[in-house]
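Next come the chains, spelled out residue by residue.
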Amino acid sequence: SLLKPSPPLRSPIPIVVTPNSTLDEDAATVLACWRAMGGYEPLLTNSEDDVRKWKGVTVDVTGGGNCRVVKVDWHLKSLCNGIPVEITALAFLTSLSLSYNNLTGTIPEELGSMKNLVSLGLASNQLRGSIPTSLANLHNLKYLNLCMNGFDTYVPVRLQNRGPTQDFLNSLLKRDRKRDRPEVQDPDAAP
């Protein structure tokens, strides 16, 4: 059966992550986040129980030999509301793409705890406020796109002075001239 739309959660119930989390717990987290962001189209394809077949969700074998959710790609899904803090329960997530939606609110500080995150795409939403300094804790981050939102027009010093990716994070200082918002570029892209 197809996933029916559910009303957005006003105050999502926190999900506790333990070192022994399973793929089933990852699936519950993914589904809770989808619903919290107002996902209306079916997330599931043929099997409600098999997260490996869900749209925009990639599962892979981790270092411990367990299958875990490693990628969530929900760009262009008409998502709304805020980014749920519960998404940080996906401890093995390497890529999170929520660009080109209608997400509102601020980037949760807790995203800075997602140590395995390599790619974070939040472009073209309605996010606002400050860019969290906790993003400086994402030492594996190679791609960050925050453009076309309503963020403050400065980048925290802690992000500017961040070790091996300092040049990349300094690229945040470039402005989108149309909207005077931080523009982020792929550090591997040619100038």
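As the structure is a prediction and not an experimental result, all values here were calculated from the model.

Cut-off values and rules
Residues numbered from 1 in each chain as written. Predicted model: local features only at pLDDT ≥ 70, side-chain atom pairs only at ≥ 80, totals over all residues. Heavy atoms only, no water. Helix = DSSP H or I, 4+ residues; strand = E, 2+ residues; numbered from the N terminus. Buried < 20%, exposed > 50% of the residue type's maximum accessible area, 1.4 Å probe, protein only. Contact = heavy atoms within 4.5 Å. Areas by Shrake-Rupley, 256 points an atom, 1.4 Å probe, with all protein chains shown as cover. Pairing = 2+ DSSP bridges. Axes fitted to C-alpha atoms, helices over the stretch in contact; angles between N-to-C directions. Salt bridge = Lys/Arg side-chain N within 4 Å of Asp/Glu carboxyl O. pLDDT = per-residue confidence, 0-100. Core = buried A, V, L, I, M, F, W, Y, C linked by side-chain atoms within 4.5 Å.

A. Summary view of the overall build of the protein. For the protein, the count of helices and strands is three helices and ten strands. The order of α-helices and β-strands along the protein, N terminus first, is α-β-β-β-β-β-β-β-β-α-α-β-β. The buried share of the protein, taken over its 191 residues, is 45%. In the protein, once contacts between residues fewer than 6 apart in sequence are set aside, the share between residues at least 24 apart is 53%. Roughly 9900 Å² of accessible area belongs to the protein as shown, and the carbon and sulfur atoms make up 51% of that amount.

B. Structural view of the side chain of Ser 97. Counting through the fold element by element, Ser 97 comes out in strand S3 (residues 95–97). Judged by relative accessible area, which is 17%, Ser 97 ranks as buried. If we ignore the near neighbours within four places in the chain, the residues touching Ser 97 are Val 72, Asp 73, Trp 74, His 75 and Gly 121.

C. Expanded view of the sheet that holds strand S5 (residues 119–121). As summarised here, the arrangement of the five strands in space is S1-S2-S3-S5-S7, forming an open sheet in which the pairing is mixed. Across the chains shown, the open sheet's two edge strands, defined by having one partner strand only, are strand S1 (57–61) and strand S7 (143–145). Taken over all neighbouring pairs, the strand axes of this sheet differ in orientation by 20° on average, direction set aside. In the packing of helix H1 (residues 23–36) onto the sheet, contacts are made with S1 and strand S2 (67–73), and the angle to S2 comes to roughly 20°.

D. The arrangement of the pattern of salt bridges in detail. In this structure the tally under the stated criterion is one salt bridge. Among the ionic pairs, Asp 26 bridges to Arg 68, the shortest N-O distance being 2.8 Å. A residue pair is termed long-range when its members are at least 10 positions apart, and Asp 26 in helix H1 and Arg 68 in strand S2 qualify at 42 residues.

E. Up close: the confidence of the model for the protein. Of all residues in the protein, 63% have pLDDT values of 70 or greater, and the mean over the chain is 75. Within the protein, strand S9 (residues 175–176) has the poorest average pLDDT of any element, 40, and S3 the best, 97. Every residue in residues 1–20 is under pLDDT 50, and counting partners more than four places away or in other chains gives 28 contacts. Every residue in residues 170–191 is under pLDDT 50, and counting partners more than four places away or in other chains gives 49 contacts.

F. Region of interest: the nonpolar core. Within the largest apolar cluster, 37 residues are counted, with the highest numbers of intra-cluster contacts made by Val 69, Trp 74, Leu 98 and Leu 120. Among the secondary structure elements, those contributing two or more residues to this core are H1, S1 and S2. At six residues, H1 tops the list of elements feeding residues into this core. With residues up to four places along the chain from it excluded, the contact list for Leu 98 reads Met 37, Trp 74, His 75, Leu 79, Ile 83, Leu 103, Gly 121, Leu 122 and Asn 125.

G. How the structure looks around the sheet that holds strand S6 (residues 126–129). Strand order across the open sheet formed by three strands is S4-S6-S8, with parallel pairing between neighbours. Only two strands of the sheet have a single partner each, and these edge strands are strand S4 (104–105) and strand S8 (150–151).

H. Looking closely at the environment of Leu 122. Position of Leu 122 among the secondary structure elements: in the loop between S5 and S6. Classification of Leu 122 by relative accessible area gives buried; the value is 0%. Taking the C-alpha atoms as reference points, Leu 122 and Ser 99, separated by 23 residues in sequence, lie 4.5 Å from one another. Excluding residues within four positions of it along the chain, Leu 122 makes contact with Ile 83, Leu 98, Ser 99, Ile 107, Leu 127, Asn 145, Leu 146 and Asn 149.

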